[in-house]
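Spelled out, the chains give:
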Amino acid sequence: MRGVAGVDGWDCWDGEAVRAVVRVCEGATPAEAFDTASADAWLAFDAGVRCMDDRPWLSHAPAGAPGRPGRSAPTLLDRLRGRRGSPLASPVPPPPPAVALCHPDGRVREAALEAVRSAPELRPLLVVRCADWATPVRERARTLLAELPGDALFPLAELVLRLARRERGGFARALLEAALREGPAAGVLALTARQDRATYRLAYRIAVERGLLTPMELAATAATSGDVTLQDLCADAAVAVRAEGGGPAPDPAVLDRLLTARSPRVRSAGVTALRRAGRCRDAEPYLADWSALVRACARYVLRQGGDDPLPRYRAWCAEAAGRPAAAAGLGECGDRAVDAARLWALLEHPSPAVRLHAVTGLRALDAVVRERLTPLLDDPSPAVVRAATRALLPDAAGIPEPLLRERTAPDRPRAVRVAAERLLRAAGRHRWPGPGRP
C-alpha cells in the first residue's frame with residue numbers, strides 16, 4: 001500500500017488501503033485483503049479505517065455507549081444536513097475485529113483488543129494500539145502485548161521499529177529488545193537477514209552483544225554489506241574478538257578478510273588492527289590506498305611500529321605509475337618546500353590516475369598555484385578536471401572570466417562545461433537566464 005501525506009503520514013484515500021478495508025468489512029481476512037507481512041500495509045490499513053468514519057458500516061458503538069437503541073450512526077449526508085441519523089433504520093452490525101481495532105472511536109478500539117487473544121493474526125494491530133493516542137486503549141494494548149511470549153514479537157519487529165518513531169511508540173520497542181536479548185539465538189539471527197534496515201541493524205547489534213556471530217562471520221558481513229552503520233558495527237566487533245588461544249590479537253584470517261574489503265571504512269578498521277596484531281609492516285601497501293582514510297590509518301600503524309612513511313612516498317612518486325595514490329599520500333604528510341616540486345612534475349604524467357592524485361596532494365600541501373593548475377581544466381580525463389576544479393574554487397575570482405566563458409561553449413566536453421560553470425558561480429560571475437530565455 002502506498003503511504004503519503006494523511007493521518008500519521010498515510011494517505012487516507014489511498015486506493016489500495018480503501019479496497020483492503022472494504023474487503024475486510026465484507027468478510028475477507030486481512031491476509032486475503034493485503035500483504036500482512038508489510039508494516040506499511042498495516043499502517044495504511046489502520047489509517048484507512050480511521051479516515052472512513054463516515055461510512056455507516058464502520059459506525060458501531062459498544063455496549064453502554066451513549067445513543068438511542070435502534071438509531072444508526074449518522075452518515076456524511078446526515079451530518080451535513082444537521083441530522084443525527086435515522087431512528088427507523090436497523091442497527092448497524094458490529095465491524096470485524098480488524099476494523100474495530102482501528103475504529104475512530106476509542107471505546108470500540110479498546111473493546112476489540114480482547115479479540116487478539118484468540119486471533120494471533122491481529123497482533124500487528126495490537127502493536128499499533130500500543131502507540132494509541134487514547135490512554136485507556138494504549139494501556140490495555142500494552143498489557144496484552146506484555147503477556148505474549150518474547151519470540152512472538154520477532155515477526156513484528158519491522159512494525160515495532162516503525163512505530164517506535166512515534167511519540168508513544170517506545171514501549172513495544174523496549175519489549176522487542178528485551179526479547180532479542182533473552183530469546184533464542186535462532187530468532188535473532190533470522191532477523192539479521194531481513195530487508196528492513198532498522199530491523200537488521202537492531203538484530204546485528206543484539207547479536208554482537210550476545211556473541212552470536214563468529215569473528216569471520218562479522219568480517220564477512222562488514223566486507224559485503226552496503227550499509228555503512230553495519231560495516232562499522234561488524235568490523236569493530238570482528239577485530240575486538242581475540243584470536244583462538246586467548247591472545248590479544250585478532251585472528252589473521254579475520255584481518256585478511258577486512259583488508260580485502262571494498263569499503264574503505266572496513267579496510268581502515270583492518271589496517272588499524274594490524275598494530276595490535278604485531279603486523280605493523282603489513283600496513284605498508286595501504287600507504288598508497290585510493291582512500292585517504294585508509295592511507296591515514298596506514299601511516300599511523302607504521303609510525304607506531306617505528307617506521308617513517310615519508311621516504312616510501314618519495315620513492316614511490318619517482319615511479320608513480322605503479323602506485324598512483326602515493327602522490328596524494330605524499331601531499332598528506334610531506335614538506336611543502338621539498339615535495340611540492342615532485343607533485344607539480346607529476347601533473348605531466350601520462351596516467352590520469354597519477355595526475356588526479358597529484359592534484360589531491362597539492363591541495364593537501366596547500367601548494368596550489370592558480371596559473372599552473374588552470375590548464376588542467378582542459379585535461380582529457382573528467383576526473384582530473386573535477387579535481388582541478390575543486391582545487392581552484394577558493395581562488396576562482398582570480399581566473400580570467402573570458403577563459404571560463406570560452407569553456408562553457410556547447411562544443412566543449414561536459415566535464416569542462418560543468419567545471420567552468422562551477423568556477424563562474426564561485427567567482428560570482430554566473431549569468432542566470434532572464435525571463436523567457438532558456
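Coordinates for the structure precede this section.
Residues numbered from 1 in each chain as written. Predicted model: local features only at pLDDT ≥ 70, side-chain atom pairs only at ≥ 80, totals over all residues. Heavy atoms only, no water.

(A) The arrangement of the overall build of the protein in detail. Secondary structure assignment for the protein yields 25 helices and zero strands. Expressed as a percentage of its 438 residues, the buried residues of the protein come to 45%. Sequence-distant contacts in the protein: of pairs separated by 6 or more residues, those separated by 24 or more amount to 57%. Roughly 21,600 Å² of accessible area belongs to the protein as shown, and the carbon and sulfur atoms make up 53% of that amount. (Helix = DSSP H or I, 4+ residues; strand = E, 2+ residues; numbered from the N terminus. Buried < 20%, exposed > 50% of the residue type's maximum accessible area, 1.4 Å probe, protein only. Contact = heavy atoms within 4.5 Å. Areas by Shrake-Rupley, 256 points an atom, 1.4 Å probe, with all protein chains shown as cover.)

(B) Region of the structure containing the packing of aromatic side chains. Tallying each qualifying case throughout the model produces three aromatic pairs. Their ring planes at 90 degrees and their centres at 5.0 Å tell us that Phe34 and Trp42 sit as a pair that is edge-to-face. We classify Phe34 as buried; its relative accessible area is 9%. Site record: aromatic cluster; members linked through ring pairs are Phe34, Trp42 and Phe45. When the ring centre of Trp344 is taken as origin, the NZ or CZ atom of Arg372, which lies over that ring, is 4.2 Å away. (Phe/Tyr/Trp six-rings, centres within 6.5 Å; stacked < 30°, edge-to-face > 60°. Lys NZ or Arg CZ within 6 Å of the ring centre and 35° of its normal.)

(C) The arrangement of the environment of Ala172 in detail. Here Ala172 shows up in helix 10 (residues 170–182). Note: C-alpha distance between Ala172 and Leu126 (46 residues apart in sequence) is 9.9 Å. Leave out the neighbours within four places in its chain, and Ala172 touches Val127, Leu145 and Val160.

(D) Geometry of the packing of helix 1 (residues 15–25) against helix 3 (residues 39–50). Running from N to C, helix 1 and helix 3 cross one another at 75 degrees; their axes reach a closest spacing of 9 Å. Comparing their axes, helix 3 and helix 1 come out roughly perpendicular. Residues Ala17, Ala20, Val21 and Val24 of helix 1 form the contact with helix 3, whose participating residues are Ala44, Phe45, Gly48 and Val49. Of the residues in the contact of helix 1 with helix 3, the class split is seven nonpolar, one polar and no charged. (Axes fitted to C-alpha atoms, helices over the stretch in contact; angles between N-to-C directions. Parallel < 35°, antiparallel > 145°, perpendicular 65-115°, else oblique. Nonpolar A, V, L, I, M, F, W, Y, C, P; charged D, E, K, R; others polar.)

(E) Highlighting the environment of Ala152. Mapped onto the elements of the fold, Ala152 is located in the loop between helix 8 (135–147) and helix 9 (157–163). Separated by 32 residues in the primary sequence, Ala152 and Pro120 have C-alpha atoms spaced 9.4 Å apart.

(F) Region of the structure containing a positive patch on the surface. A surface patch of positive charge is lined by Arg363, Arg386, Arg390, Arg422 and Arg425. Contributing elements (two or more residues each) for the positive patch: helix 23 (382–392) and helix 25 (414–426). Note that Arg386 resides in helix 23. (Patch = residues over 30% accessible without salt bridge, like charges linked within 9 Å, V, L, I, M, F, W, Y side chains within 5 Å. Salt bridge = Lys/Arg side-chain N within 4 Å of Asp/Glu carboxyl O. Lys, Arg positive; Asp, Glu negative; His and termini not counted. Charge placed at Lys NZ, Arg CZ, Asp CG, Glu CD.)

(G) Summary view of the layout of surface pockets. Approximately 220 Å³ is the volume found for the second largest pocket. Together, 14 residues line the second largest pocket, and Thr36, Ala37, Pro124, Pro155 and Leu156 are the ones closest to its centre. At the level of secondary structure, the elements contributing two or more residues to the lining of the second largest pocket comprise helix 3, helix 7 (123–129) and helix 9. When its residues are assigned to classes, the lining of the second largest pocket shows nine nonpolar, two polar and three charged. (1 Å grid on protein atoms, 1.4 Å probe; cavity = no way out; pocket = protein on both sides within 12 Å on 5 of 7 lines; lining within 4 Å. Points joined across faces, edges and corners; volume = space filled by probe spheres on them.)

(H) Highlighting the packing of helix 10 against helix 12 (residues 197–210). Helix 12 packs onto helix 10 with a crossing angle of 40 degrees between their chain directions and a minimal axis gap of 9 Å. By the criterion of interaxial angle, the relationship of helix 10 to helix 12 is oblique. Read as a crossing pair, helix 10 and helix 12 show a hand that is right-handed. Residue-level contacts link Arg173, Leu176, Glu177, Leu180, Arg181 and Glu182 of helix 10 to Leu202, Arg205, Ile206, Glu209 and Arg210 of helix 12. A class-by-class count of the residues in the contact of helix 10 with helix 12 yields four nonpolar, no polar and seven charged. (Left-handed = near helix turned anticlockwise from the far one by under 90°.)

(I) Quick look at the pattern of salt bridges. Applying the stated rule across the entire model yields 36 salt bridges. Notably, a salt bridge pairs Arg205 with Glu177, separated by 3.5 Å at the nearest N-O pair. Pair noted here: Arg205 is in helix 12 and Glu177 is in helix 10, with a separation of 28 residues, a long-range link. Its relative accessible area of 15% is what places Glu177 among the buried residues.

(J) Representation of the side chain of Arg267. Tracing the chain through its elements places Arg267 in helix 16 (residues 264–276). On the accessibility criterion, Arg267 (5% relative accessible area) is buried. When neighbours within four sequence positions are excluded, Arg267 is seen to be in contact with Leu258, Leu259, Ala261, Arg262, Asp289, Trp290, Ser291 and Val294.

(K) Looking closely at the nonpolar core. Of all hydrophobic cores here, the largest spans 123 residues; its most connected members are Phe45, Leu176 and Val271. Residues within four places of Leu176 in sequence aside, it is in contact with Leu153, Phe154, Ala157, Val160, Leu161 and Leu202. (Core = buried A, V, L, I, M, F, W, Y, C linked by side-chain atoms within 4.5 Å.)

No statement about biological role is implied by the geometric values presented.
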